[in-house]
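A look at the structure
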Amino acid sequence: MKILVCISKTPDTTAKIAFTDGAKKFDEAGVQWIINPYDEWYALVRAIELKEKDPSVIIHLLTVGLADAEPIIRKALALGGDEAIRVNADSSDSYYVAAQIAAVANTEKYDLIFTGKETIDYNGASVGGMLAAILDTPYLSLVTSYSIEGNTSTITREIEGGEEVLTVNSTVVVSCQKGVAEQRIPNMRGIMAARTKPLKVLEPSTADTLTSIESFELPAPKAGVKLVSADNVEELVKLLHEEAKAI
Amino acid sequence: MVLVYIDHQDNQIKKSTLEAISYGAAVAAQLGTEVHGLLLGTVTEDISTLGQYNLKNIYQISDASLSNFDAQVFVKTIAAAATKVGATTLVFSHNQTGKALSAGVSALLKAGLVTGAIALPNTSAGFVVKKSVFSGKAFANVSITTAVKIIAISPNSYKVVGGAATTATTTPLEITVTPGQVKITALNKTSGEISLTEADIVVSGGRGLKGPENWGILLDLAKELGAATACSRPVGDAHWRPHHEHVGQTGVQVAPNLYIAIGISGAIQHLAGVNRSKTIVVINKDPEAPFFKAADYGIVGDAFEVVPKLTEAIKKMKASA
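Reading the values: the criteria
Residues numbered from 1 in each chain as written. Chains lettered and ligands numbered in written order. Predicted model: local features only at pLDDT ≥ 70, side-chain atom pairs only at ≥ 80, totals over all residues. Heavy atoms only, no water. Helix = DSSP H or I, 4+ residues; strand = E, 2+ residues; numbered from the N terminus. Buried < 20%, exposed > 50% of the residue type's maximum accessible area, 1.4 Å probe, protein only. Contact = heavy atoms within 4.5 Å. Lys, Arg positive; Asp, Glu negative; His and termini not counted. Charge placed at Lys NZ, Arg CZ, Asp CG, Glu CD. Domains from an automatic or database assignment. Buried area = accessible area lost by both parts, 1.4 Å probe. Salt bridge = Lys/Arg side-chain N within 4 Å of Asp/Glu carboxyl O. Polar contact = N/O pair within 3.5 Å; in protein donor to acceptor, adjacent residues only side chain to side chain. Nonpolar A, V, L, I, M, F, W, Y, C, P; charged D, E, K, R; others polar. Axes fitted to C-alpha atoms, helices over the stretch in contact; angles between N-to-C directions. Parallel < 35°, antiparallel > 145°, perpendicular 65-115°, else oblique. Left-handed = near helix turned anticlockwise from the far one by under 90°. Pairing = 2+ DSSP bridges. Expected span 1.5 Å × (residues − 1).

Okay, the overall build of chain A next. Summing up its helical and strand segments, chain A has 6 helices and 15 strands in all. Looking at chain A as a whole, 55% of its 247 residues qualify as buried. When contacts within chain A are restricted to residue pairs at least 6 apart in sequence, long-range pairs at least 24 apart make up 70% of them. Each charge sign in chain A was given a centre, from 24 positive and 35 negative side chains, and these centres are 5 Å apart.

Take a look at the structure:
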């Protein structure tokens, strides 16, 4: 079985969010970059677990990004995976990114494609769905567990007010979230091994971009907290009812 | 034409769909065009009443293959229907279903998509939609550069506007539906629970509650308020509460009218998931808890004393109202 894990580079969860260039660009000064947590903790780790169970599994990691994405893909290789592919292109439009991944998938013929449920920077939650549509394969979003027996994948996905369990026998695109696997820390052996694992750089295929970011904004700061005494909860109820009109 | 995807579950139209219809109607008014709905499958509810949200007509595709949700099948069907009826703008709710569908439809139609939209498009120059980014820490204004546009509106971001004295017509639509490959084998519903992303009020607990056995006071408050319950990441990780209740940057992002945080210190990752809430109340015994900086109202005090008193006070207020 051949698995593709799609990896994105995102700012660390504690990074200061600021913008430059007339609020047109994300300010990268001093920002630590990480593997998008959903891609790393759930998608990648689950793929590694499948390989640990069945050593014949081959895992490819793929990122669409410029050369500055390489430390991230090396870090992913340190956790596991056999080889990595970087499509040398900017990743600001979801459709463009999905089309790049689809072009690679059409050549490599994966049995299973994992993505994270969304990236923590643009929160698009779109690349997996677009990729599945381009490849014309089933798409299982917001997945909380994945297993495979023979050719049959068994998948649990979140729906409103619960979850559903599904089975499918074909190639499938799965967007992973909490529950699929548990976060791992790379060990020294993995870090050493990652140095010699192949990292292929591909030039992008021709694809359209459908959107562009015009500008960013930061939310207006809060006016400041109104403190109410712990002995006077009635006052809080009154404020919530009359002032905030929240209850 | 603006076409709104009518999402339904258990024979009922979802609240997030009413928001999407209201949003679609406003977009249509802005563009000087009509708003129609697209319903896949059947519901028992009388859909003509959706006219009160200014929906003019509903295209319905009632093929037997659409009785179970399958993203691949639904995406192809929606894309074919949108082309057939000549939709220029498609609107989805960015709920669980919208997340499964809007992206695929965007790819098939090569129509630019903005997910997690929080406001009406700015059409003064082009078509620019504001969306939440960096998990709620910022907003981006995204321009859609294609002829057909798709917007997935974030739940709880656009008010339901009803009350129009009109009814919606229904037009059956013939689309060839290809059956899918996914089989549903089980459905586990957490019955009676209020959906976290749709809830008007969310009551959330953190490590300050010390253990799962202490959640009773929080559940009582939530019940009194008709609120959904949530928790911080450490609480989810420790399995004090189910994973799906985890709110924050790597969990669920919510934007209710009222968010009440009990015993949560307010780490930046948690704030990212809740800071679009309209009103935030923080109850914490540590006056230095960073959450107070992001709150509208706060009580410095012991949750075990404050929360039951708060529940009582709300009960009293309701009784006197």
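Anyway, onward from the coordinates.
Residue and element names in this part refer to chain B. Looking at the assigned domains, one finds that chain B contains domain 1 (2-172) and domain 2 (201-320). Computed over C-alpha atoms, the centres of domain 1 and domain 2 are 32 Å apart. Counting from both sides, the interface comprises 9 residues of domain 1 and, opposite them, 10 residues of domain 2. Overall, the association of domain 1 and domain 2 removes approximately 700 Å² of surface from exposure, summing both partners, and the carbon and sulfur fraction of that is 42%. The three residues of domain 1 that bury the most area against domain 2 are S135, K137 and N156, which together make up 65% of that side's buried surface. Counting across the domain 1 and domain 2 interface gives 0 salt bridges. Across the domain 1-domain 2 interface, the total number found is 5 residue pairs in polar contact (both at pLDDT 80 or more). Here the residues of the side of domain 1 that touches domain 2 sort into 2 nonpolar, 6 polar and 1 charged.

Attention shifts here to the packing of helix α4 (residues 216-225) of chain B against helix α7 (residues 303-320) of chain B. A pair of packed helices is characterised by two quantities: the angle between their axes and the separation of those axes. Residue and element names in this part refer to chain B. Taken N-terminus to C-terminus, the directions of α4 and α7 make an angle of 20 degrees; their axes are 9 Å apart at the nearest point. Here α4 lies roughly parallel to α7, going by the angle between them. Taken as a pair, α4 and α7 cross one another with a handedness that is left-handed. Only A303, F304, V307, P308, L310, T311, I314, K315 and K318 of α7 make contact with α4, whose side of the interface consists of I217, L218, D220, L221, E224 and L225. Looking at the contact of α4 with α7, its residues break down into 10 nonpolar, 1 polar and 4 charged.

Further remarks concern the pattern of salt bridges. Residues and elements named next belong to chain A. Across all of its chains, the model carries 26 salt bridges over all chains by this definition. Two residues, K200 and E108, come together in a salt bridge whose shortest N-O distance is 3.6 Å. Note that K200 is positioned in strand β13 (residues 199-202) and E108 in helix α3 (residues 94-108), a separation of 92 residues in sequence. Owing to a relative accessible area of 36%, K200 belongs among the partly exposed residues under this scheme. Residues joined by salt bridges that share partners form a network here, namely K2, E108 and K200.

Residues and elements named next belong to chain B. By the criterion of burial, strand β7 (residues 112-117) is predominantly enclosed, with 6 of the 6 residues buried. As paired strands, β7 and strand β10 (residues 149-153) are joined by 4 bridges and run parallel to one another. Following the sheet pairing, V114 is matched in β10 by I151.

With 87 residues of chain B in contact, the opposing surface of chain A contributes 79 residues. Both sides together, the interface formed by chain B and chain A hides about 7,000 Å², and carbon and sulfur atoms give 57% of it. The three residues of chain B that bury the most area against chain A are Q96, F134 and Y297 of chain B, which together make up 12% of that side's buried surface. At the surface where chain B touches chain A, the tally comes to 6 salt bridges. With a shortest N-O distance of 3.0 Å, D136 of chain A and K76 of chain B are connected by a salt bridge. Here the side of chain B that touches chain A is built from residues that sort into 38 nonpolar, 32 polar and 17 charged. Pairing between strand β15 (residues 226-228) of chain A and strand β17 (residues 297-300) of chain B: 3 bridges, direction parallel. Its bridge partner being in β17 of chain B, K226 of chain A is matched across the sheet by Y297 of chain B.

Right, let's talk about helix α1 (residues 15-31) of chain B for a bit. Residue and element names in this part refer to chain B. Here α1 is 17 residues long and its end C-alpha atoms lie 24 Å apart, about the 24 Å a rise of 1.5 Å per residue gives. The element α1 is largely enclosed, with a buried count of 12 among its 17 residues. Of the positions making up α1, those classed as buried are S16, T17, L18, E19, A20, I21, S22, Y23, G24, A25, V27 and A28.

Read from one edge to the other, the open sheet built from 10 strands follows the order β13(A)-β7(A)-β6(A)-β1(A)-β8(A)-β12(A)-β9(A)-β10(A)-β11(A)-β12(B), with strand pairing classed as mixed. The sheet is open, and its two borders are formed by β13 of chain A together with β12 (183-189) of chain B, each paired with just one other strand. Averaged over all adjacent pairs, the angle separating strand axes in this sheet is 30 degrees, with direction ignored. In terms of strand pairing, strand β9 (residues 139-149) of chain A meets strand β10 (residues 152-159) of chain A through 6 bridges, oriented antiparallel. By the bridge assignment, S147 of chain A is partnered in β10 of chain A with T154 of chain A. Strand contacts of α3 of chain A: β1 (2-6), β6 (58-64), β7 (83-87), β8 (112-116) and β13 of chain A, with the helix running at about 150 degrees to β6 of chain A, the strand carrying the most contacts.

On to the sheet that holds strand β13 (residues 201-205) of chain B, then. Strand order across the open sheet formed by 6 strands is β15(A)-β17(B)-β16(B)-β15(B)-β13(B)-β14(B), with parallel pairing between neighbours. Single-partner strands in this sheet number two, and they are β15 of chain A together with β14 (228-231) of chain B. Mean inter-strand twist for the sheet, computed between neighbouring axes without regard to direction, equals 20 degrees. Looking at chain direction, strand β16 (residues 279-284) of chain B and β17 of chain B are connected through 4 bridges and run parallel. Bridging from a neighbouring strand, N284 of chain B pairs with V300 of chain B of β17 of chain B. Its contacts with the sheet place α4 of chain B against β13, β14 and β15 (258-262) of chain B, and it is angled at close to 175 degrees to β13 of chain B. This element, α7 of chain B, spans β15, β16 and β17 of chain B of the sheet and lies at about 135 degrees to β16 of chain B.

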